[in-house]
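Read off the chains here:
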Amino acid sequence: MTDAAAGAPEAPTGGEWAAAVAAVRQLPADARVLLICHVNPDGDALGSMLGFGLGLRRLGVRQLQATFPGPPEVPEPFRWLPGLDLLVPQDAAYPDPELVICFDVASESRLGDLVDRLGSAGAALVLDHHASNTRFGGINLVDPHAAATSVVAEGLLDRLGVPLDAEIAACLYVALSTDTGSFRFEATTPAVHEMAARLLATGIRPGEISQRIFDTRPFGAVRLFGEAIGRARLEPGAAGGRGLVWTYATLDDLARHDQPPYVLEALIDSVRCTAEADVSCVVKQVAAGEWAVSLRSKGAVDVSRVAVALGGGGHRFAAGFTGRGSADEVVDRIRAELDGALLAG
Ligand code: AMP
Ligand code: MN
Ligand code: MN
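Source: prediction; values computed, not measured. (Residues numbered from 1 in each chain as written. Chains lettered and ligands numbered in written order. Predicted model: local features only at pLDDT ≥ 70, side-chain atom pairs only at ≥ 80, totals over all residues. Heavy atoms only, no water.)

**Q** What is the right way to read the overall build of the protein chain from this model?
**A** A tally of helices and strands in the protein chain yields 13 helices and eleven strands. Its C-alpha radius of gyration of 20 Å places the protein chain within 12% of the 20 Å reference for a compact globule of 345 residues. The dimensions of the protein chain, computed from C-alpha atoms along their principal axes, are 60 × 45 × 40 Å. When each of the 345 residues of the protein chain is scored for burial, the buried share is 51%. The long-range share in the protein chain, meaning contacts at least 24 apart out of those at least 6 apart in sequence, stands at 66%. As presented, the protein chain carries roughly 14,500 Å² of accessible surface, and 52% of it is formed by carbon and sulfur atoms. Taking the average location of the 29 positive side-chain charges in the protein chain and that of its 43 negative ones, the two points are 3 Å from each other. (Helix = DSSP H or I, 4+ residues; strand = E, 2+ residues; numbered from the N terminus. Rg over C-alpha atoms; globule rule 2.2 N^0.38 Å. Buried < 20%, exposed > 50% of the residue type's maximum accessible area, 1.4 Å probe, protein only. Contact = heavy atoms within 4.5 Å. Areas by Shrake-Rupley, 256 points an atom, 1.4 Å probe, with all protein chains shown as cover. Lys, Arg positive; Asp, Glu negative; His and termini not counted. Charge placed at Lys NZ, Arg CZ, Asp CG, Glu CD.)

**Q** Even after reading the chapter, I still don't get the packing of aromatic side chains, so can you show me in this structure?
**A** Remark: the centre distance and the inter-plane angle together describe each pair of aromatic rings, the angle taken between the planes. In this structure the tally under the stated criterion is two aromatic pairs. Taking the centre distance of 5.7 Å and the plane angle of 50° together, the rings of F52 and F103 count as tilted. Taken together, the positions of F52 in helix 2 (residues 43-58) and F103 in strand 3 (residues 99-103) put the pair 51 residues apart, joining distant regions of the chain. With respect to class, F52 is no different from F103; both count as buried. When the centroid spacing of 5.8 Å and the interplanar angle of 45° are considered together, the rings of Y173 and F183 count as tilted. Residue Y173 is located in helix 5 (residues 166-179), and its partner F183 is located in the loop between helix 5 and helix 6 (190-200); the two are separated by ten residues in the primary sequence. (Phe/Tyr/Trp six-rings, centres within 6.5 Å; stacked < 30°, edge-to-face > 60°.)

**Q** Explain the pattern of salt bridges to me, please; I cannot follow it from the model alone.
**A** For side chains of opposite charge, pairing can occur when their charged atoms come near one another. Counted by the stated rule, this structure contains 20 salt bridges. For R57, the salt bridge is made with D85, and the minimal N-O distance between the two is 2.6 Å. On the criterion of sequence distance, the pair formed by R57 in helix 2 and D85 in the loop between strand 2 (63-67) and strand 3 is long-range, its members being 28 residues apart. Classification of R57 by relative accessible area gives partly exposed; the value is 28%. D85 sits in the exposed class, given a relative accessible area of 55%. (Salt bridge = Lys/Arg side-chain N within 4 Å of Asp/Glu carboxyl O.)

**Q** Would you mind going over the site of ligand 1 with me for this structure?
**A** Around ligand 1, the surrounding shell holds 14 residues, and the nearest of these are H130, S294, R296, G313 and A319. One nitrogen or oxygen atom from the side chain of H130 is found 3.0 Å from an oxygen atom belonging to ligand 1. Backbone polar atom of G320 to an oxygen atom of ligand 1: 3.2 Å apart, as the coordinates give it. For ligand 1, whose unbound accessible area comes to 480 Å², protein coverage reaches 80%. Put simply, the parts of the chain that give the shell around ligand 1 at least two residues each are strand 9 (290-297), strand 10 (313-314) and strand 11 (318-324). The element best represented in the shell around ligand 1 is strand 11, accounting for five residues. Residue composition of the shell around ligand 1, by class: three nonpolar, eight polar and three charged. (Near = heavy atom within 4 Å. Polar contact = N/O pair within 3.5 Å; in protein donor to acceptor, adjacent residues only side chain to side chain. Nonpolar A, V, L, I, M, F, W, Y, C, P; charged D, E, K, R; others polar.)

**Q** Help me understand the coordination of the manganese ion (ligand 2), please; the structure alone is not making it clear to me.
**A** In an ideal octahedron of six donors the angles at the metal are 90 or 180 degrees, and in an ideal tetrahedron of four donors they are 109.5 degrees. For the manganese ion (ligand 2), the full set of protein donor atoms is H38 (NE2), D42 (OD) and D104 (OD), at a range of 2.0 to 2.3 Å. Mapped onto the sequence, the donors of the manganese ion (ligand 2) take the spacing H-x3-D-x61-D. The distance between the manganese ion (ligand 2) and the manganese ion (ligand 3) comes to 3.8 Å, with D104 serving as a donor to both metals. Note on D42: relative accessible area 26%, which makes it partly exposed. (Donors = N, O, S within 2.8 Å, 3.2 Å for Na, K, Ca; no water.)

**Q** Help me understand the packing of helix 1 (residues 14-25) against helix 4 (residues 149-159), please; the structure alone is not making it clear to me.
**A** Across the interface, helix 1 lies against helix 4 with an axial gap of 10 Å and an inter-helix angle of 65°. Crossing of helix 1 against helix 4: the hand is right-handed. Across from W17, A20, V21 and R25 in helix 1, the residues of helix 4 making contact are V152, G155, L156 and R159. Split by residue class, the contact of helix 1 with helix 4 holds five nonpolar, one polar and two charged. (Axes fitted to C-alpha atoms, helices over the stretch in contact; angles between N-to-C directions. Left-handed = near helix turned anticlockwise from the far one by under 90°.)

**Q** What am I meant to see in the coordination of the manganese ion (ligand 3) here?
**A** Protein coordination of the manganese ion (ligand 3) is provided by D44 (OD), D104 (OD), H129 (NE2) and D179 (OD), with donor distances spanning 2.1 to 2.3 Å. Binding-site remark: the manganese ion (ligand 3) is held by donors from one chain whose sequence spacing is D-x59-D-x24-H-x49-D. Residue D104 is classed as buried on the basis of its relative accessible area, which comes to 3%.

**Q** Which parts of the structure should I look at to understand the sheet that holds strand 1 (residues 32-37)?
**A** Backbone hydrogen bonds are what pair the strands of a sheet, in a parallel or an antiparallel way. Spatial strand order, 2-1-3-4-5: five strands in an open sheet with parallel pairing. Strands with a single pairing partner mark the edges of an open sheet, and in this sheet they are strand 2 and strand 5 (139-142). Taking the axes of each pair of neighbouring strands and ignoring which way they run, one obtains an average angle of 15° across the sheet. Note: strand 1 against strand 3, five bridges, orientation parallel. Following the sheet pairing, I36 is matched in strand 3 by C102. Along the sheet, helix 2 makes contact with strand 1, strand 2 and strand 3, crossing strand 1 at roughly 165°. (Pairing = 2+ DSSP bridges.)

Listed below in structure tokens is the structure:
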């Protein structure tokens with residue numbers, strides 16, 4: 001289970017699954033279908049979108065595009081994924097497709113400039129697993145109990161009668177292993193391992209995939225991580241005494257080490273291991289006075305509450321938001337929200 005927020009959606013109903021199947025099955029042969037995942041796409045966003053896209057291709061959908069808001073660069077660890085040929089820059093995406101499908105997008109704000117497609121498309125289908133999902137589609141397959149959006153994507157492919165093959169499986173496996181932290185997080189249920197078993201049965205190589213997406217980074221990024229970790233601060237009194245550890249990285253840091261912004265996505269994993277802190281935080285500069293903030297908790301704090309209070313979203317133990325001002329000001333605001341986000345027990 002990811003979130004337990006009051007009013008959180010339950011798993012999709014039979015009617016919602018049937019509506020989603022019908023939306024795909026009733027497409028005319030010449031229909032244009034546009035797939036969109038969230039800004040700064042991660043493994044689940046790209047993997048669920050491309051895996052599902054390959055499935056649609058197997059069903060005979062010919063006019064098919066995949067895209068995401070912002071610069072069209074795919075992070076290096078994902079540049080081998082099957083289905084990358086479906087990707088187009090946002091400006092080249094169909095302006096008025098018959099069907100738009102969103103992957104791992106909790107709210108319209110995560111669609112950037114592509115949000116207009118929700119209005120111009122014939123129909124909008126949402127596949128997601130964020131409890132905070134605002135159900136902005138005409139049809140919403142939102143399962144807050146799913147470990148990744150790829151779980152929902154596999155469920156829909158299965159209902160559409162698309163068999164798993166190694167290409168689809170590689171995409172869905174990247175998505176599943178990313179969002180479960182390599183099958184380590186609490187969301188790693190028996191059903192997750194059963195899905196992983198189905199994916200592995202297609203012949204994909206888990207060692208090779210893990211090395212590419214988790215265990216490979218340029219030496220410049222290793223040095224940059226060293227700097228950022230070296231200036232991490234531990235605040236044992238924060239979060240009602242559960243502790244906060246945090247650090248930051250600036251655009252100048254990236255430039256000095258000649259690294260693209262996405263390399264910082266993994267920095268939180270090197271910070272959150274701090275034994276003395278329940279909550280960890282990385283503040284990553286994206287522009288002057290603008291920071292992408294990653295928050296993690298080991299279980300004492302609902303960091304999605306902090307993120308939502310500060311304009312973002314996410315899951316109970318992994319959340320984020322966009323912060324403004326200086327890094328210190330952003331962390332001041334987080335500190336102020338932490339006590340109110342403590343979980344009972
Ligand atoms: P990250 O720290 O970027 O890996 O994100 C952790 C979780 O927080 C993911 O589930 C994201 O969907 C969510 N998240 C991160 N940034 C934002 C944001 N600016 N707005 C809404 N949700 C976010
Ligand atoms: Mn995501
Ligand atoms: Mn996800």
